[in-house]
Amino acid sequence: MSGTRIARLLAGVLLGTALGLAELVFLAVAAPAALIPALRPAAARGLARLTALERARLSGWLGHEPARHDGGYAYLTARAALGVLGGYTCASTLFLTVLLLFGGAWDLIWGDSEQVPLELPGVKLVTSGGALGITAGLALLGVLVLMVAAVAALDRRLAAHFLGPTGEELMRRRIAELTETRSGIVRAVDDERRRIERDLHDGVQQRGVALAMLLGRARHGLGRAARADGDRTADLIAQAYTESRQLLDELRSVAWRIYPTALDELGLRAALAGVAERAGVPVTVHHGLASRPASEIETALYFVAREAITNAVKHAGAHDILVVLSEDERTVSVAISDDGKGGADPSGGGLSGLARRVLALDGTFTVDSPPGGPTRVAATLPKAPPCG
């Protein structure tokens, strides 16, 4: 703590002593005045003025800017007690410190200092009164610094309790709230994906299965009738059956793209194994995670890997893809490399969406894809999602 800072705190504490005395006088007068309706407005004005002086002292000398303007009589009572007691203690210590330092220096300069014997266990010393006074004064000066810092800290805590936190503290709380809300949005999106996948699987897909079964039975029954009378109904039923099977395949594909149930049930390794099977090109997955990350983090890793694999196959014409999952003490990472033609645009819809998801979880997302390849997409996320 610098000397200037200590001097400002000491001035703030001593000024608080003077204000504390004024507040004690005001409280002694305001208590009876509060019982008289005609005097209540004057008491309220006095309370507001003293509180404004306290706010100015806190802001100018103690570096604390309260959020509220009125702490009521409770704040003024507590502030008066702290100001008088803390200020008196600091002022007394300051007076004694100055007296010892000045007196010791005077004795040393003018040579009038007496010899003072000091007997300690096993040690006997003889020193001058001036040196002893300076030594005691310096020790007391250190105690004074600690006392001033303690009284100033109590003053700030009192103001924070009755007058609210500082603007800086409010900003920190708001940032923490926004961080938690941002993480909550990511969780909500993932929960909605799970719900849509369940609706597709349990509702639409089951109805499609039932339709395919009915068409299969109708095709089987009408096939024999068609052979007898040459009716084209069997051909129409066969086409409808084929379309229903294609519908089921597309529904399964959509449900898998929205949210793979294997990710929740079996974990990231199994979900990425399913992506590799569907890729159509060789995909090697190196799983280097000791345990499953948090749900939001695991989901983000999955979608980064899946989108990068899909882009490599669909747009880059890759023939070999490598996925590496790794971790350290605080983060987990996924890196996807391919031997495609490169030129991936990080501002494209898929990659930019992944970047926003990763950034929302306080992670980093990079795309290195020079024309001609190879391409490398990487994401690093904290093991625990942000929560403020």
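Our structure's up above, just so we're on the same page.
Going along each chain's sequence as written, the residues are numbered from 1 onward. Under the rules for a predicted model, residues below a pLDDT of 70 receive no local features and side-chain atom pairs below 80 are neither given nor counted, while totals for whole chains, interfaces and linings still include all residues. As a rule here, side-chain values come from all non-hydrogen atoms in the structure, and water together with hydrogens is ignored.

Asks: Sorry, what's going on with the packing of aromatic side chains here?
Replies: For Phe, Tyr and Trp, rings pair up if their centres lie within 6.5 Å, where Trp contributes its six-membered ring, and each pair is then called stacked (planes under 30 degrees apart), edge-to-face (over 60) or tilted (otherwise). The final tally for this structure, using the stated rule, is four aromatic pairs. Ring centres 5.9 Å apart and planes at 50° place the aromatic pair Tyr75 and Phe162 in the tilted group. With Tyr75 in helix H3 (residues 72-110) and Phe162 in helix H4 (residues 129-163), this residue pair connects regions lying 87 residues apart in the sequence. Where Tyr302 meets Phe303, the ring centres are 5.2 Å apart and the plane angle is 70°; that geometry is what we call edge-to-face. Three labels apply to residues, based on accessible area from a 1.4 Å probe with only protein chains included: buried if under 20% of the type maximum, exposed if over 50%, partly exposed otherwise in between. By relative accessible area, Phe303 is classed as buried at 4%. Helix numbers and strand numbers start at the N terminus; a helix is a DSSP run of H or I with at least 4 residues, a strand a run of E with at least 2.

Asks: Hey, could you run me through the packing of helix H2 (residues 40-61) against H3 in this one?
Replies: For the pair H2 and H3, the least separation of the axes is 11 Å and the interaxial angle reads 55°. When the interaxial angle is binned, H2 and H3 end up oblique. Where H2 crosses over H3, the two elements pack in a sense that is left-handed. Contacts between H2 and H3 involve Ala43, Ala44, Leu47, Leu50, Thr51, Glu54, Arg57 and Leu58 on the former and, on the latter, Gly72, Tyr73, Tyr75, Leu76 and Arg79. Axes here refer to lines fitted to C-alpha atoms; in helices the fit is confined to the stretch in contact. Angles between the N-to-C directions go from 0 to 180 degrees. Angles are sorted into four bins: roughly parallel if under 35 degrees, roughly antiparallel if over 145, roughly perpendicular if 65 to 115, and oblique for all others. The handedness criterion is simple: a crossing whose near helix is rotated anticlockwise from the far helix by less than a right angle is left-handed, and one whose near helix is rotated clockwise is right-handed. A contact between two residues is defined here by any heavy atoms of the two lying within 4.5 Å.

Asks: In this structure, what is going on with the pattern of salt bridges? I would like to understand it.
Replies: When the charged atoms of two side chains lie near each other, side chains of opposite charge can form a pair. Definition used for salt bridges: Asp or Glu carboxyl oxygen within 4 Å of a side-chain nitrogen of Lys or Arg. Here the structure, examined in full by the defined rule, presents six salt bridges. One salt bridge in this structure joins Glu327 and Lys383, with 3.3 Å as the shortest N-O distance. On the criterion of sequence distance, the pair formed by Glu327 in strand E4 (residues 321-327) and Lys383 in the segment after strand E7 (375-382) is long-range, its members being 56 residues apart. Here Lys383 falls in the partly exposed class, since its relative accessible area comes to 32%. Through salt bridges that share partners, Glu54, Arg57, Arg79 and Asp155 make up one connected network.

Asks: Teacher, can you tell me more about the side chain of Ser369 here?
Replies: Within the secondary structure, Ser369 is located in the loop between strand E6 (364-368) and E7. Accessibility expressed as a relative area gives 12% for Ser369, which makes it buried. Any pair of nitrogen or oxygen atoms within 3.5 Å is treated as a polar contact; in protein, a donor-acceptor pairing is required on top of that, and neighbouring residues in sequence qualify only through side-chain atoms on both sides. Within the structure, the side chain of Ser369 is placed 2.9 Å from the backbone nitrogen of Gly343, a separation counted as a polar contact. For Ser369, the side chain forms a polar contact with the side chain of Thr375, separated by 2.7 Å. Setting aside chain neighbours within four positions, we find Ser369 in contact with Gly342, Gly343, Ala344, Pro374 and Thr375.

Asks: Hey, could you run me through the side chain of Thr51 in this one?
Replies: Structurally, Thr51 can be placed in helix H2. For Thr51, a relative accessible area of 1% translates into the label buried. One polar contact links the side chain of Thr51 to the main-chain carbonyl oxygen of Leu47, over a distance of 2.8 Å.

Asks: Just to check I follow, could you spell out the packing of helix H8 (residues 268-279) against helix H9 (residues 295-314) for this structure?
Replies: Working note: a packed helix pair is described by the angle between its axes plus the distance between those axes. For the pair H8 and H9, the least separation of the axes is 10 Å and the interaxial angle reads 10°. Taken together, the axes of H8 and H9 are roughly parallel relative to one another. When H8 is examined against H9, the residues Leu268, Ala271, Leu272, Val275 and Ala279 are found in contact with a partner set consisting of Glu298, Leu301, Tyr302, Ala305, Arg306, Ile309 and Val313. When the residues that make up the contact of H8 with H9 are grouped by side-chain class, the tally is ten nonpolar, no polar and two charged. Each residue is assigned to one of three groups, with Ala, Val, Leu, Ile, Met, Phe, Trp, Tyr, Cys and Pro labelled nonpolar, Asp, Glu, Lys and Arg labelled charged, and all others, Gly among them, labelled polar.

This is a description of form; function is not addressed.
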